[in-house]
Amino acid sequence: MSESSVPSGTLTGTARVEAFSDGVMAIAITLLILDIKVPEHEPGHLLRELVHIWPSYLAYLASFVTIGVVWMNHHTFFGRLRRIDHVLRWWNLVLLLGVSLIPFPTIVIADNLVHGTRQDAVVAVALYGIVGVIMTIPWAPMWRQLEKHPEMLRPGLGADYARRERWRAWPGLLVYAVTIGIGFLSPIVALVLYLLVSTFYGLSNQTWSSPNDPDPDEE
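Treat the numbers as computed from the prediction; the structure is a model and nothing was measured.

Here is what the cut-offs are and how they apply
Residues numbered from 1 in each chain as written. Predicted model: local features only at pLDDT ≥ 70, side-chain atom pairs only at ≥ 80, totals over all residues. Heavy atoms only, no water. Axes fitted to C-alpha atoms, helices over the stretch in contact; angles between N-to-C directions. Helix = DSSP H or I, 4+ residues; strand = E, 2+ residues; numbered from the N terminus. Parallel < 35°, antiparallel > 145°, perpendicular 65-115°, else oblique. Contact = heavy atoms within 4.5 Å. Phe/Tyr/Trp six-rings, centres within 6.5 Å; stacked < 30°, edge-to-face > 60°. Buried < 20%, exposed > 50% of the residue type's maximum accessible area, 1.4 Å probe, protein only. Salt bridge = Lys/Arg side-chain N within 4 Å of Asp/Glu carboxyl O.

**Regarding the packing of helix α3 (residues 54-79) against helix α7 (residues 139-148)**
- Between α3 and α7, whose axes approach to 13 Å, the crossing angle comes to 5°. By the angle between their axes, α3 is roughly parallel relative to α7. Residue-level contacts link V70, N73, H74 and F77 of α3 to W139, M142, W143 and L146 of α7.

**Side note on the packing of aromatic side chains**
- A complete count under the given rule lists 7 aromatic pairs for this structure.
- For the pair Y128 and Y194, a centre-to-centre distance of 5.1 Å together with 35° between the ring planes defines the contact as tilted. Residue Y128 is found in helix α6 (residues 118-136), and its partner Y194 is found in helix α9 (residues 187-203); the two are separated by 66 residues along the sequence. The same class applies to Y128 and to Y194, which are both buried.
- Each residue in the set F77, F78, W139, W143 and Y161 is aromatic and connected to the rest through ring pairs, giving one cluster.

**Concerning the pattern of salt bridges**
- Under the criterion given, the structure shown has 4 salt bridges.
- A salt bridge links R144 to E147; its shortest N-O distance comes to 3.3 Å. Linking R144 with E147, this pair stays in helix α7, spanning 3 residues, or about one helical turn.
- E147 gets classed as buried once you look at its relative accessible area, which sits at 10%.
- For the salt bridge of R163 with D160, the shortest nitrogen-to-oxygen distance reads 2.6 Å. Remark: D160 and R163 occur in helix α8 (residues 159-183); sequence separation between them is 3 residues, near one turn of the helix.
- Overlapping salt bridges, with partners in common, bring together R144, E147, D160, R163 and R166 in one network.

Structural data, given as structure tokens:
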């Protein structure tokens, strides 16, 4: 497929999109720590209160890892591109929407696992999972667009590569949906699973690159 299959006026370099995306993710990941407040305590009981808010630390860790993994996968994704069109730009904005939302469910889940009722904790965990779904959805259509227009990929990568990566994106939706359901049984277990899901996608990040692919940073 030749590059003429996509109107040339809609194709641009990726540098501005990457820079904007990095900025959004950097701000979101920085805001997470602001959600952890020094607990109110009586003199001499600071340690006890710090231990008491341990769910806040777990929520922070899960969200930090989640944003970090999204950033790594985003970096790998754009490292495979030569050009980007308006469709990919729009889906990238949807991805950033999910990322920018993360600090809110993080503080909601942390606060309600510490101070809320069980019902509140279930709602908080479900909210967290919904944001995870919002972040997961864009990957498949982004790869689908590259499958339809592989000329936007770097040399040596084609429609088959994009198709494989598109299917890799779908299990994340299922996992988040299942984890939301588990949250009705145990909010803490669900939060741990959110952390494990992000860790898994981080560890499998290398599958987005073939050993024969050129390193875009070396070109």
